[in-house]
Amino acid sequence: MLMPINPLFELTAKEAAKQRDTLNLIASENYPSPKVLELLGSVWMNKYAEGLPGKRYYAGNIYADEMETFVQTKALEVFDKTGEYGVNVQVLSGSPANAMVFLTMLEAGDTIMSLNLANGGHLSHMHATSNFLKFFKLVNYDVSETRPGTFDIDMDDYQTKLKEHRPKLVIIGFSAFPRAYEFAQMTKWAHDAGALVLADIAHINGLVAAGLHDTPFKAGAEGADFVSMTTHKTFRGPRGAMLFAKQDHMPAINKTIFPGTSGGPHLHQIAATGQALLEILDEDTYPDGRNFTDYSKAVLETSHALEQGAADGGLEIVSPTQNHLCLVKLPDAVDSLEFQRRLESVGIISNRNMIPFDKKSAWRPSGMRFGTAALTSRGLTPAQATELGQLIASLALDKLSEDDTLDQVRTMAKSLNWYY
Ligand SMILES: Cc1ncc(COP(=O)(O)O)c(C=O)c1O
């Protein structure tokens with residue numbers, strides 16, 4: 001008897017082929033090593049391990065204890081050179097990680113200060129329609145034009161708001177933000193104003209791990225009290241997160257995660273995070289054999305090259321990139337939602353994005369965000385990144401047909417590595 005085709009496996013095969021045959025420029029995505037995927041689909045998934053290593057509520061966690069402790073140790077080895085931090089590797093994703101800090105440290109009515117979502121902040125740092133507004137007040141700091149065509153954090157605005165609103169928690173860390181930034185001074189000002197600091201390095205943690213971006217893990221008053229991060233962007237691990245805190249806050253953070261808000265940890269996710277950490281530490285390798293620092297340097301090169309290509313092709317750059325992503329302004333007559341769809345139809349996967357002080361809506365904003373962490377994992381070279389930036393510009397400015405663009409995208413996608 002013929003078995004019916006299982007739609008789940010059929011769809012998975014289609015998704016894999018689509019990912020292989022297209023060019024992914026989503027700045028928050030990446031292609032982790034097959035070992036990361038293997039651990040995600042491993043027997044760790046079968047096990048409940050409520051609690052922390054050495055203090056679990058169910059039996060059978062002898063290896064889970066060893067594995068989770070190992071991952072904690074590797075996480076601290078990668079990120080904390082001060083010895084002042086601890087880590088919880090059980091948080092499920094980036095947004096819950098931030099929420100754990102709110103729920104641990106704040107009382108109802110307290111104020112959180114974060115970068116304006118529309119100008120590069122993140123949803124999980126609160127915004128006008130956030131559910132957390134039921135409990136906490138929100139104050140936004142902002143960006144300003146530091147040089148023509150270059151938007152950075154407005155430090156005057158930041159200091160003024162600190163003094164004016166006396167927030168209990170300040171969040172430093174951004175989402176659609178192409179600029180590099182330093183943590184120490186902003187953290188110190190926040191501490192001087194009596195605030196706690198949460199650094200959210202969800203996007204840049206791979207660059208931080210590789211020593212290519214400033215780190216919020218510092219000793220004393222210049223160090224963030226909490227550091228949250230996702231593990232699936234420049235970090236190149238499984239979808240997930242880690243939450244670090246200065247040692248004195250760790251017991252309370254651990255208690256909020258379990259039993260305060262969550263049940264059993266996702267051991268498969270923790271093991272897969274450990275694999276990504278081993279690759280960062282050069283104790284295991286990504287299939288192309290390139291070490292993580294060289295990979296991260298290549299990400300910066302391809303990001304610059306893609307931006308250059310887009311500019312050469314006639315698109316306006318919002319603020320020159322200093323990290324893994326660039327923000328491009330489309331001509332006023334080009335609708336970004338339509339353009340995102342056109343790009344998808346020629347095999348370029350990307351997202352439309354608001355740009356600083358955008359006059360258009362979040363649904364149909366003025367800009368596009370392009371990140372190169374994922375394609376660099378597939379071996380994209382700077383020359384190819386420039387070509388890709390030019391292709392995008394040509395399509396936006398109607399200098400190249402969709403058919404011709406599709407041909408070039410297919411050829412480029414075929415030339416790249418695919419490890420699954
Ligand atoms: C700065 C920042 N924080 C948190 C998150 C949320 O991560 P998650 O999607 O895992 O909840 C993101 C995701 O893009 C982010 O950019």
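The structure this text deals with has already been given above.
Note that the structure is a prediction, hence the values are computed from the model and not measured.

Looking at the site of the ligand
So, step 1. The environment of the ligand is made up of 13 residues, and the closest members are Ser93, Ser95, Ser175, Asp200 and Lys233.
So, step 2. Contacts to the ligand include Gly94, whose backbone N or O atom sits 2.9 Å from an oxygen atom.
So, step 3. In the environment of the ligand, an oxygen atom lies 2.8 Å from a nitrogen or oxygen atom belonging to the side chain of Ser95.
So, step 4. Expressed as a share of its isolated accessible area of 390 Å², the protein-covered part of the ligand is 86%.
So, step 5. Across the shell around the ligand, the residue classes tally to two nonpolar, nine polar and two charged.

Details of a nonpolar patch on the surface
So, step 1. On the surface, Tyr48, Tyr57 and Tyr58 cluster together into a nonpolar patch covering about 380 Å² of accessible area.
So, step 2. Structurally, Tyr48 can be placed in the loop between α2 (34-40) and β2 (51-52).

Some points on the layout of surface pockets
So, step 1. Approximately 530 Å³ is the volume found for the largest pocket.
So, step 2. Forming the boundary of the largest pocket are 20 residues, of which Glu15, Gln19, Asn30, Tyr31 and Pro32 lie nearest the centre.
So, step 3. With five residues, helix α1 (residues 7-21) is the largest single contributor of residues to the lining of the largest pocket.
So, step 4. A per-class count over the lining of the largest pocket returns nine nonpolar, seven polar and four charged.
So, step 5. Space inside the second largest pocket adds up to approximately 460 Å³.
So, step 6. Forming the boundary of the second largest pocket are 19 residues, of which Leu117, Gly121, Leu123, Asn353 and Met354 lie nearest the centre.
So, step 7. Top element by residues in the lining of the second largest pocket is strand β16 (residues 351-353). It accounts for three residues.
So, step 8. Looking at the lining of the second largest pocket, its residues break down into seven nonpolar, nine polar and three charged.

Focus on the nonpolar core
So, step 1. Core analysis: the biggest nonpolar cluster contains 57 residues, and Phe79, Ile172, Met242 and Phe244 have the highest contact counts within it.
So, step 2. The residue makeup of this core includes at least three contributed by each of domain 1 (38-280) and domain 2 (290-415).
So, step 3. The residues contacting Phe79, other than those within four sequence positions of it, are Ile201, Asn205, Val208, Ala209, Phe217, Met229, Phe235, Met242 and Phe244.
So, step 4. Formed by 30 residues, the second largest nonpolar core is a distinct cluster that contains Leu380, Leu388, Leu395 and Ala413.

Regarding the sheet that holds strand β9 (residues 169-172)
So, step 1. In space, the seven strands of this open sheet follow the order β4-β12-β11-β10-β9-β5-β6, with mixed pairing throughout. Both outer strands of the open sheet, β4 (85-88) and β6 (137-141), are each paired with one neighbouring strand and no more. Recorded for the sheet is a direction-independent mean angle of 20° between the axes of neighbouring strands.
So, step 2. Direction of pairing for strand β5 (residues 111-115) relative to β9: parallel, over a ladder of two bridges. Bridge pairing in β9 links Met113 to Val170.
So, step 3. Packing of helix α8 (residues 250-261) onto the sheet brings it into contact with β4, β11 (226-230) and β12 (241-246), and relative to β12 it is tilted by some 150°.

Rules used in this analysis
- Within any chain, residue numbers begin from 1 and follow the written order of that chain's sequence.
- Local features in a predicted model are, by the rule used here, given only for residues with pLDDT of at least 70; side-chain atom pairs are given and counted only at 80 or more, and totals for whole chains, interfaces and linings are based on all residues.
- Calculation of side-chain values draws on the structure's entire complement of heavy atoms; hydrogens and water are dropped beforehand.
- The nearness test applies per residue and asks whether one of its heavy atoms lies within 4 Å of the molecule or strand.
- The definition of a polar contact used here is a pair of N or O atoms within 3.5 Å, where within protein one atom must be able to donate a hydrogen and the other to accept one, and adjacent residues in sequence count solely through side-chain atom pairs.
- For accessible areas, the Shrake-Rupley method is used with a probe of radius 1.4 Å. Any residue's cover is judged against the shown protein chains and nothing else.
- Each residue is assigned to one class: nonpolar for Ala, Val, Leu, Ile, Met, Phe, Trp, Tyr, Cys and Pro, charged for Asp, Glu, Lys and Arg, and polar for all the others, Gly among them.
- The patch calculation keeps residues exceeding 30% relative accessible area without a salt bridge and links them within 9 Å when they carry like charges or within 5 Å when they are nonpolar (Val, Leu, Ile, Met, Phe, Trp, Tyr).
- We define a salt bridge as a contact between a side-chain nitrogen of Lys or Arg and a carboxyl oxygen of Asp or Glu at a distance within 4 Å.
- Strands are runs of DSSP state E lasting at least two residues, helices are runs of H or I lasting at least four, and both sets are numbered from the N terminus onward.
- Site definitions follow a grid-based scheme: protein atoms alone, a 1 Å grid, a 1.4 Å probe that fits but cannot get out for cavities, and for pockets an open set with protein on both sides within 12 Å along at least five of seven lines, plus lining residues having an atom within 4 Å of a point.
- Grid points are joined across faces, edges and corners, and a volume is the space filled by probe spheres set on the points.
- Side-chain atoms within 4.5 Å are what join buried Ala, Val, Leu, Ile, Met, Phe, Trp, Tyr and Cys residues into a set we call a nonpolar core.
- For the exposure calls, accessible area comes from a 1.4 Å probe over protein chains only, and a residue counts as buried if that area is under 20% of its type's maximum, exposed if over 50%, partly exposed in between.
- Each domain span listed reflects an automatic or database assignment of domains.
- The contact definition used throughout considers only heavy atoms, calling two residues in contact when any of these lie within 4.5 Å.
- The pairing criterion for strands is at least two bridges between them, as found by DSSP.
- Every angle, taken between N-to-C directions, lies between 0 and 180 degrees, and every axis is a line fitted to C-alpha atoms, over only the stretch in contact when it is a helix.

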